[in-house]
Amino acid sequence: MSNPTTHSATAEKSNTIAGAALIALICGSMIMFLSLGIRHGFGLFLQPISADQGWGRETFAFAMAVQNLVWGATQPFAGMLADRYGGKIVTPIGAVLYVAGLYLMSSVQGEAVFVFAAGILIGVGLSGTTFPVIFSAISRFVAPEKRSVAMGIAMAIGSFGQFAMMPISLGFISWLDWQGALIALSAIMVVAIPLTFGMRAPDNTAAMANQAETSAWAALVEALGTRDFWLLFIGFFACGFQVVFIAIHLPAYLTDGGISAGVATTTLALVGLVNVAGTYYAGLWGGIYRKPMLLSWIYLGRALVIAAFVLLPLSAWSTYAFGIVMGLFWLSTVPLTNGTVASVWGVRHMAMLGGFVFFAHQLGSFAGAWMGGWLYDRTGSYDMAWALMIAASILSAVVNWPIQETPMAERRAAARA
């Protein structure tokens, strides 16, 4: 006969985990809303800062490139700490560094200080307040079949931040000038600090139990020894290259073409708004279809959209159309890529392994931010950069297709058989 007390305790534990999962989902999503939303508007500062300081575009672009490279380089280590101690330790540190970086950017004391603030401080801050750490914290509460959609929901809310924060950033620049705007954004980012206390890892879950004996080093060595890990690594490069180039250089590209800065702001806001649907459905479909296959289709779609945008006559309406369609593909790769990591290598070391894959994304981001400015300063146009983005997207579509989602436990069992 079943014991009512046991059933009651089990139900109470399940309700506690479900409540903690909801809190983690809400808090983590709102942290990404702020961190991704503020970062998405950095391109609006390129021209006013460069003009005011007498810099070429390469200086600002280099600072953004360093930001993305530092973000990627520190992400695996932030992931290791999050896997061991939980997001409640790593995320507050990241939020504080993000706030400090924004404030220091406003008090420009030369190119080196600006690169330190925008590149290093914010880069490290982003590693604690974005995808791998947040997704790992959420995934520990959620059943495997629901992880993809949970990540899609979190990413959708983060994407809405990219929509909501664009007009706010532009309004601050118009009202307070670029220095006052950065101070105001640093004050807004302070809100993320108390939200980090909702990123509590569960004490013990079924998702963690059968992986607890695997050390971080052993998990990393195993992952690095698989073909699929490297294919995922290579494929994620294009995502970073494309989204950062567009976020940083699209406003200047449109201004060069006689299109107002307001069109650029609206377009980037549209990207974030439409990506709410893109990321949600990517996460939803990732629980039904092969995630690597969906990634291939997304990258192929990006290549077609970018090619159409640069080959057709430039206008405000063609730019809006580009923003709407590109928004469907913008960050929809993120829940699918992280979901693939969770499916194959589990959630015990998901933040660390996802961080290593994300490093490829940030290598692409470095190239997109810096190379865009470098090519422009030397050729007087962005044509070569657009061509490279199309080529990178096609490469990513090819390398993602053969990736298998078979869990490593099953692969090890098959190898022993």
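Treat the numbers as computed from the prediction; the structure is a model and nothing was measured. (Residues numbered from 1 in each chain as written. Predicted model: local features only at pLDDT ≥ 70, side-chain atom pairs only at ≥ 80, totals over all residues. Heavy atoms only, no water.)

Any chance you could break down the overall build of the protein chain for me, citing the residues and the numbers?
Across its full length, the protein chain carries 18 helices and 0 strands. Against the 2.2 N^0.38 benchmark of 22 Å for 417 residues, the protein chain shows a C-alpha radius of gyration of 21 Å, consistent with a compact globule. The principal-axis extent of the C-alpha atoms belonging to the protein chain is close to 75 × 40 × 35 Å. Residue burial in the protein chain is summarised as follows: out of 417 residues, 57% are buried. In the protein chain, 87% of the contacts between residues at least 6 apart in sequence involve partners at least 24 apart. With the model as given, the accessible surface of the protein chain reaches about 16100 Å², and the carbon-plus-sulfur share is 70%. (Helix = DSSP H or I, 4+ residues; strand = E, 2+ residues; numbered from the N terminus. Rg over C-alpha atoms; globule rule 2.2 N^0.38 Å. Buried < 20%, exposed > 50% of the residue type's maximum accessible area, 1.4 Å probe, protein only. Contact = heavy atoms within 4.5 Å. Areas by Shrake-Rupley, 256 points an atom, 1.4 Å probe, with all protein chains shown as cover.)

Could you give an account of unusual backbone geometry, naming the residues involved and the relevant values?
Phi at D177 takes a positive value of approximately 65°, unusual for a residue other than glycine. Turning to its location among the elements, D177 is positioned in helix 7 (residues 144-189).

Summarise the packing of helix 6 (residues 131-139) against helix 15 (residues 333-345); cite the residues concerned and give the values.
Relative to each other, helix 6 and helix 15 sit at 60°, their axes nearing to 11 Å. Of the possible angle classes, the one that applies to helix 6 and helix 15 is oblique. The interaxial crossing formed by helix 6 with helix 15 has right-handed handedness. For the pair helix 6 and helix 15, contact is made by F131, P132 and F135 and by V334, P335 and N338, respectively. (Axes fitted to C-alpha atoms, helices over the stretch in contact; angles between N-to-C directions. Parallel < 35°, antiparallel > 145°, perpendicular 65-115°, else oblique. Left-handed = near helix turned anticlockwise from the far one by under 90°.)

Give me the lowdown on the packing of aromatic side chains, citing residues and values where you can.
Enumeration according to the criterion identifies 23 aromatic pairs in this entry. A centroid spacing of 5.2 Å and a plane angle of 80° characterise the contact between Y280 and Y281, whose relative ring orientation is edge-to-face. Among the aromatic side chains, those forming a connected cluster through ring pairs are F245, Y253, F309, F322, Y376, Y382 and W386. (Phe/Tyr/Trp six-rings, centres within 6.5 Å; stacked < 30°, edge-to-face > 60°.)

Before we move on, could you go through the environment of A156 and cite the residues and values that matter?
Residue position: A156 is located in helix 7. Note on A156: relative accessible area 7%, which makes it buried. The sequence separation of A156 and W178 amounts to 22 residues, and the corresponding C-alpha distance is 28 Å. Once residues lying within four places of it in the same chain are set aside, the contact partners of A156 are V276, T279 and Y280.

Hey, could you go over the confidence of the model for the protein chain for me, with residue numbers and the actual values?
Residues at a pLDDT of 70 or more form 91% of the protein chain, whose mean pLDDT is 84. Of all secondary-structure elements in the protein chain, the lowest mean pLDDT belongs to helix 9 (residues 206-209), at 45, while helix 13 (residues 291-311) reaches the highest, 95. Contacts from residues 203-212, a stretch scored under 50 in pLDDT, to residues over four places away or in other chains number 13 contacts. (pLDDT = per-residue confidence, 0-100.)

How would you summarise the pattern of salt bridges if you had to cite specific residues and measurements?
Counting across every chain of the model gives 2 salt bridges. Its salt-bridge partner being E405, residue K291 comes within 2.8 Å of it at the nearest N-O pair. Placement of the pair is K291 in helix 13 and E405 in the loop between helix 17 (383-400) and helix 18 (408-416), with a sequence separation of 114 residues. Residue K291 shares its accessibility class with E405, and that shared class is buried. (Salt bridge = Lys/Arg side-chain N within 4 Å of Asp/Glu carboxyl O.)

Requested: an account of the environment of F309, with residues and values cited.
Counting through the fold element by element, F309 comes out in helix 13. On the basis of relative accessibility, which here comes to 6%, the residue F309 falls in the buried class. C-alpha separation for the pair F309 and T319, spaced 10 residues apart in sequence, amounts to 7.4 Å.

Can you break down helix 11 (residues 227-256) residue by residue, with the values?
Its 30 residues place the ends of helix 11 43 Å apart at the C-alpha level, agreeing with the 44 Å of an ideal helix rising 1.5 Å per residue. Here helix 11 lies mainly inside the structure; 24 of its 30 residues are buried. G258, located one to two residues past helix 11, shows a positive phi value of around 85°. (Expected span 1.5 Å × (residues − 1).)

Quick rundown of the nonpolar core? Include the residues and the values.
Residues F45, L102, F114, F131, F135, I246 and W386 are the most contacted members of the largest nonpolar core, which totals 128 residues. The element best represented in this core is helix 11, accounting for 16 residues. Those residues within four positions of L102 in sequence are excluded, and the remaining contacts are I38, F42, I122, L182, L185, S186 and M189. In terms of nonpolar packing, the next biggest core, distinct from the first, is built from 5 residues, A78, A82, V90 and V133 among them. (Core = buried A, V, L, I, M, F, W, Y, C linked by side-chain atoms within 4.5 Å.)

Describe the side chain of N275, listing the residues and the values that go with them.
With respect to the helices and strands, the residue N275 is situated in helix 12 (residues 261-286). Residues contacting N275, with those up to four places away along its chain left out, are S159, G327, L328, F329, W330, L331 and S332.

Run through helix 2 (residues 46-53), naming residues and quoting values.
Those residues of helix 2 lying buried are L46, I49 and S50. Each buried residue of helix 2 lies within a common arc of 95° when the element is viewed along its axis, so the set occupies one face. Of the residues trailing helix 2, G54 is marked for its positive phi of about 70°. (Arc of directions from axis to C-beta.)

I'd like a rundown of the packing of helix 10 (residues 216-224) against helix 16 (residues 350-379), residues and numbers included.
Direction vectors running N to C along helix 10 and helix 16 enclose 40°, while the axes themselves pass 10 Å from each other. The angle between helix 10 and helix 16 places the two elements in the oblique class. Seen along the crossing, helix 10 lies across helix 16 with a hand that is right-handed. Along its contact with helix 10, which presents A216, A219, L220 and A223, the element helix 16 presents M352, L353 and F356. Considered class by class, the residues forming the contact of helix 10 with helix 16 number 7 nonpolar, no polar and no charged. (Nonpolar A, V, L, I, M, F, W, Y, C, P; charged D, E, K, R; others polar.)

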